[in-house]
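# Report on the structure
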Amino acid sequence: MTALSVEDLEAGYGLLHAVRDVTFRIEPGETVAIVGANGAGKSTLLRAVAGAHRPTRGRIVLDGRDVTGMPAHRRVGLGLSLVPEGRRLFPDLTVEENLLVGRVRGRQGAWDVWSVIEAFPIIERLLFQKARTLSGGEQQATAIGRALMANPSVLLIDEVSLGLAPVAVDGLYGSLGALTARGTSLLLVEQNLKRVQAFADRILCMLEGAVVLEGRSTNLTREQITGAYFGLRGSSPPPSTAAATGAPS
Amino acid sequence: MTGPGPATPRVLEALDVSHRFGQLPVLVEVGFHVNDGESVGVVGPNGAGKTTLLNVLSGVIRPDAGRVCFDGVDVTKLAVDRRCRMGVGRAHQVPRPFGGMTVFENALVGATNGRAMRRRAAHQCAMEAIDRCRLSPLANRRAETLGLLDRKRLELARSLATGPRVLLLDEIGGGLTDAEAVELLDTIREIRQEGIAIVWIEHLVHVLVQAIDRLVCFDQGRVLADGDPQVVMSDPVVIDAYLGSAEL
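None of these values were measured; they are calculated from a predicted model. (Residues numbered from 1 in each chain as written. Chains lettered and ligands numbered in written order. Predicted model: local features only at pLDDT ≥ 70, side-chain atom pairs only at ≥ 80, totals over all residues.)

### Regarding the sheet that holds strand E4 (residues 65-70) of chain B
Residues and elements named next belong to chain B. Strand order in the open sheet made by the 4 strands is E2-E1-E4-E5, with antiparallel pairing throughout. Only two strands of the sheet have a single partner each, and these edge strands are strand E2 (24-35) and strand E5 (73-74). Relative to E5, E4 is paired through 2 bridges, and the arrangement is antiparallel. Bridge pairing links Phe70 to Val73 in E5. Helix-sheet contacts for helix H1 (residues 50-58) involve strand E1 (10-21), E2 and E4, and the interaxial angle to E1 is about 120°. (Pairing = 2+ DSSP bridges. Helix = DSSP H or I, 4+ residues; strand = E, 2+ residues; numbered from the N terminus. Contact = placed C-beta atoms within 7 Å. Axes fitted to C-alpha atoms, helices over the stretch in contact; angles between N-to-C directions.)

Spelled out as structure tokens, the structure:
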């Protein structure tokens, strides 16, 4: 069964249409990355999928269940978690307390504090340290760990590596690889194209709120993605990687 | 599109401008200029310093170091309103019209405050501005009833009514559909053809490159590339600034 299906989704802010007619699917264990310039609609799309922003149109289906009208906390209970841009940790709670906040009563799964530490060894020595004292990479690992504590089947991560040192990014992506090995589906927003091409199964490129290019990472060239990213001439995707069809290629 | 020749005077210029927000350097010894009648695009990833540059040029921010010159005159210490009356106009990303006033009255605010005109001349100027922005049929509509594209047009009209020699546009295409962006582009091209210099920050690069003579890319507070728009946008250094290095 498809892990997450997004159909004809539209979302905005007043007169501004931030997400337009977006359709895509994610299969169990699959990693899909969204790239796009500032204002392309990436974060709004993730927030709408997670239930943090009300869409004006469209449908969101999680593991076969329509969750479009559900509030965010109910979606978390059904296995859909978001790591927001900026991490949003509780600064005066310890790393362990932040992780424990992420638990969801009644939701079964393999993730607990110790399995999170196993996936993100960087936070082991920081368990009793307040979140406000952490580096950017440590905060991101904690934020992802907190989301994992809800045992999501689909994890959304906004701006995985924004503002992080390269060595911290290497560590994070190493850990994210372990998640997909456990069957968790990932939908990432990431600006580093090389990283995306190396890690994600598929790439969606957004421009002005719409998906303008979609394809398997191995099929898309840097030039194709760059062209779609800026909307410049010659950026049309080849038929084999046609955009916005919603179907994985 | 060909730009003005080298002899064209610089209408607005930032000379070795630096600025910090706390410990964070947002502009680092930046040199930037726009020639009389020239149209310059400004691009760069998040946090590159683009809007801060516009704030420095328009007088919203006084830089920590460096100078801003308008027509060769040092205006670094002049406030926004003084620069506006000299000929520095600005249109913002999020239009904020006076919602309870009509389209005409909004433009009139620009003409009376930005130019210190008398009543009849100000009326004439406001009407011309809304006409240039294709808002004449909506002149008596309250601004709060306008859609996004018309609000953006009004933002332009209000700036035009101040009689700018250089117009600073901050992501004015943001949130528009492709078709709307093209409509706005036509209006901006017409403004440019009237000889008004333009500095335009825009994330919609494919729209921007159709209206500019020159493109400047910023990254981390510095000028990364400056030149022909197509050349700048195909420069690997510029692409790397947006999408990370091609090497891990």
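### Focus on the interface of chain A and chain B
The interface is formed by 19 residues belonging to chain A together with 20 residues belonging to chain B. Elements supplying a minimum of two residues to the side of chain A that touches chain B: strand E2 (16-26), helix H7 (193-199) and helix H8 (222-230) of chain A.

### Observations regarding the sheet that holds strand E9 (residues 214-219) of chain B
Residues and elements named next belong to chain B. The strand order across the open sheet formed by 6 strands is E6-E7-E8-E3-E9-E10, and the pairing between neighbours is mixed. Two strands bound the open sheet, and with one partner strand each, they are strand E6 (88-91) and strand E10 (222-227). Geometrically, the sheet is characterised by an average inter-axis angle of 20° between neighbouring strands, direction not taken into account. Relative to strand E7 (residues 166-170), H1 is tilted by about 150°, and along the sheet it contacts strand E3 (39-43), E6, E7, strand E8 (197-201) and E9.

### Observations regarding the domain arrangement of chain B
Residues and elements named next belong to chain B. Here chain B is described as being made up of domain 1 (8-87 + 164-248) and domain 2 (97-163). Counting residues at the interface gives 14 residues for domain 1, matched by 16 residues for domain 2. Of all elements in the fold, only helix H2 (80-86) and helix H6 (178-193) reach the threshold of two or more residues within the side of domain 1 that touches domain 2. Residues of the side of domain 1 that touches domain 2, tallied by class, amount to 7 nonpolar, 3 polar and 4 charged. (Domains from an automatic or database assignment. Nonpolar A, V, L, I, M, F, W, Y, C, P; charged D, E, K, R; others polar.)

### Structural notes on the confidence of the model for chain A
All names here are of chain A. For chain A, mean pLDDT is 88; residues scoring 70 or higher make up 93% of the total. Mean pLDDT across the secondary structure elements of chain A bottoms out at helix H6 (residues 166-181), with 83, and peaks at strand E4 (residues 57-62), with 97. Counting contacts from residues 234-249, a segment whose pLDDT is below 50, to residues more than four positions away or on other chains yields 36 contacts. (pLDDT = per-residue confidence, 0-100.)

### Thoughts on helix H3 (residues 103-115) of chain B
All names here are of chain B. For H3, which comprises 13 residues, the first-to-last C-alpha distance of 18 Å matches the rise-based estimate of 18 Å (1.5 Å per residue) to within 8%. Here H3 has its buried residues at Val103, Phe104, Asn106, Ala107, Leu108, Gly110, Ala111 and Gly114. Packing partners of the buried residues in H3 comprise H2, helix H4 (119-132) and helix H5 (148-160). At the C-terminal side of H3, Ala116 shows a positive phi close to 55°. (Expected span 1.5 Å × (residues − 1). Buried ≥ 20, exposed ≤ 12 C-beta atoms within 10 Å, placed from the backbone.)

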